[in-house]
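Reading the structure
As a plain string of letters, each chain reads:
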Amino acid sequence: MTGFKSDFLRRLAERGFIHQVSDETGLDDLFAKETVTAYVGYDATATSLHIGNLISATMLYWLQETGHRPIALMGGGTSMVGDPSFRDEQRKLLTTEAIDENIAGIKKIFARILKFGEGPTDAVMVNNADWLLKLNYVEFLRDVGRHFSVNRMLSFDSVKIRLDREQSLSFLEFNYMIMQGYDFVELSRRYGCRLQMGGSDQWGNIINGVDLGHRMGTPQLYALTTPLLTTSSGAKMGKTAQGAVWLNGDLFSPYDFWQYFRNTEDADVGRFLKIFTRLPLDEIARLEALGGAEINEAKKILATEATAVVHGRKAAEEAAETARVTFEEGALAETLPTITVARSELAGGAGLLSLVVAAGLAGSNGEARRHVQSGAVRVNDETVSDPRASVSEADLREGVVKLSVGRKKHVLVRPQ
């Protein structure tokens, strides 16, 4: 998959984005001869996208960068149903107000990644509520639903696994793949869209759209998916003790985002530089070849460049400087993540374990206790070995307490 003649597919292949393509030759020919419109869909299930979504959003960036037009489809309609793919239970049903609020939050990230406007390669943001909420149910069943085979839908892994586990799949959820397939047809009719991209778990849903387009008379449509991203140790990427790695700074700070990438495993540095940064491949090859302690410099560059993509260059450089001051100079940086606790709680002595959990440095008291027992927990850079220890006003330094777990995780505790 590296011998593509089109700039876009060659760029994706070189940087490790391609898992499956419905018709490699046909899609490559299309990209080589004309400006192509392609889309990725994002259901509005939270006020922010997460790091897994950044992979598909970056594909939209490279699409635009190589002279084509990206569509970021907001799932205002599909979010009312919820994608059942590879889930053990039905998603929580959201109100239209909650969906609108979530879409407003999601738009913020795309303002940094894509260029929007009226030009031939300017990005377009569309909401599928514009057509899905206006459908007449009986007409939709007759004109669209008749093209879907229930037998085939039941064969898709995303459905089959749920049924094999004898977990309920509601009729509402079963309609999701029909709605997503119809989105592709509607985008083809309205915008001339020819390609849908997404994660590998979306392959079945995307292929449904390709087949539906063929049956409903659209031009040839195409599917492209990315591999599921895991670390070299086999862990699924995107989880921390604090929860998901969100792309909006109000849910996951730029500093925490920087630190997340700074903590990348050595074996993943080159791969993540290709996927999450815009650095040229020759520079990535140089960084990937670094060994020993020098690989840490490559990790800092990865962290700064990835943070710049999501939060802007200024925020990325501030996060890098905060880390430098904290780790290299041992100083107390004002821009470290901060939590607040009631001053009365500190006055009486706040339990160390509960404070470590509240700061997001551990997921439970049990995990915090293990950190203490292993000598990983420090208060104001002093190791604490007693799990029964407490933190009080006497520990305040310049109005805060510096709480650390390991060498790289630090939070300031500020009384209010």
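Every chain's residues receive numbers from 1 upward, in the order its sequence appears when written. Per-residue local features of the predicted model are confined to residues with pLDDT of at least 70, and side-chain atom pairs are confined, for both listing and counting, to 80 or more; whole-chain, interface and lining totals are unaffected and use all residues. Based on all heavy atoms of the structure, the side-chain values leave hydrogens and waters out of the count.

The name given to the protein chain in an unreviewed UniProt entry is Tyrosine--tRNA ligase, with the source organism recorded as Jiella pelagia. UniProt positions are given in the numbering used here, feature names are shortened, and annotations may be inferred rather than shown by experiment. Under the UniProt heading Subcellular location (unreviewed entry), the note attached to the protein chain is "Cytoplasm".

1. Considering the sheet that holds strand E15 (residues 409-415)
Within a sheet, neighbouring strands are paired by backbone hydrogen bonds and run either parallel or antiparallel to one another. Whether two strands pair comes down to DSSP finding at least two bridges between them. Working definition: helices are DSSP H or I runs of at least four residues, strands are E runs of at least two. Numbering for both runs from the N terminus. Spatially, five strands are ordered E9-E15-E14-E11-E12 in an open sheet, and the strand pairing comes out mixed. In the strand order of this sheet, the two ends are held by strand E9 (338-341) and strand E12 (382-383), each with one partner. Taken together, the three bridges between strand E11 (residues 377-379) and strand E14 (residues 401-405) define a ladder with antiparallel strand orientation. Note on E14: the bridge partner recorded for Val377 is Val405.

2. Considerations on the sheet that holds strand E2 (residues 37-43)
Read across the sheet, six strands follow the order E1-E6-E5-E2-E3-E4 without closing on themselves; strand pairing throughout is mixed. The strands lining the two open edges of the sheet, one partner per strand, are strand E1 (20-21) and strand E4 (124-127). Direction of pairing for E2 relative to strand E5 (residues 193-199): parallel, over a ladder of three bridges. By the bridge assignment, Ala38 is partnered in E5 with Leu195. On the sheet, helix H4 (residues 96-113) packs against E2, strand E3 (69-75) and E4 and is oriented at approximately 160° with respect to E3. Packed onto the sheet, helix H10 (residues 176-191) meets E2, E3, E4, E5 and strand E6 (222-226) and runs at close to 145° relative to E5. Only heavy atoms enter the contact rule, under which two residues are in contact if any of them lie within 4.5 Å. Think of each axis as a best-fit line through the C-alpha atoms, taken over the contacting stretch in the case of a helix, with angles from 0 to 180 degrees between the N-to-C directions.

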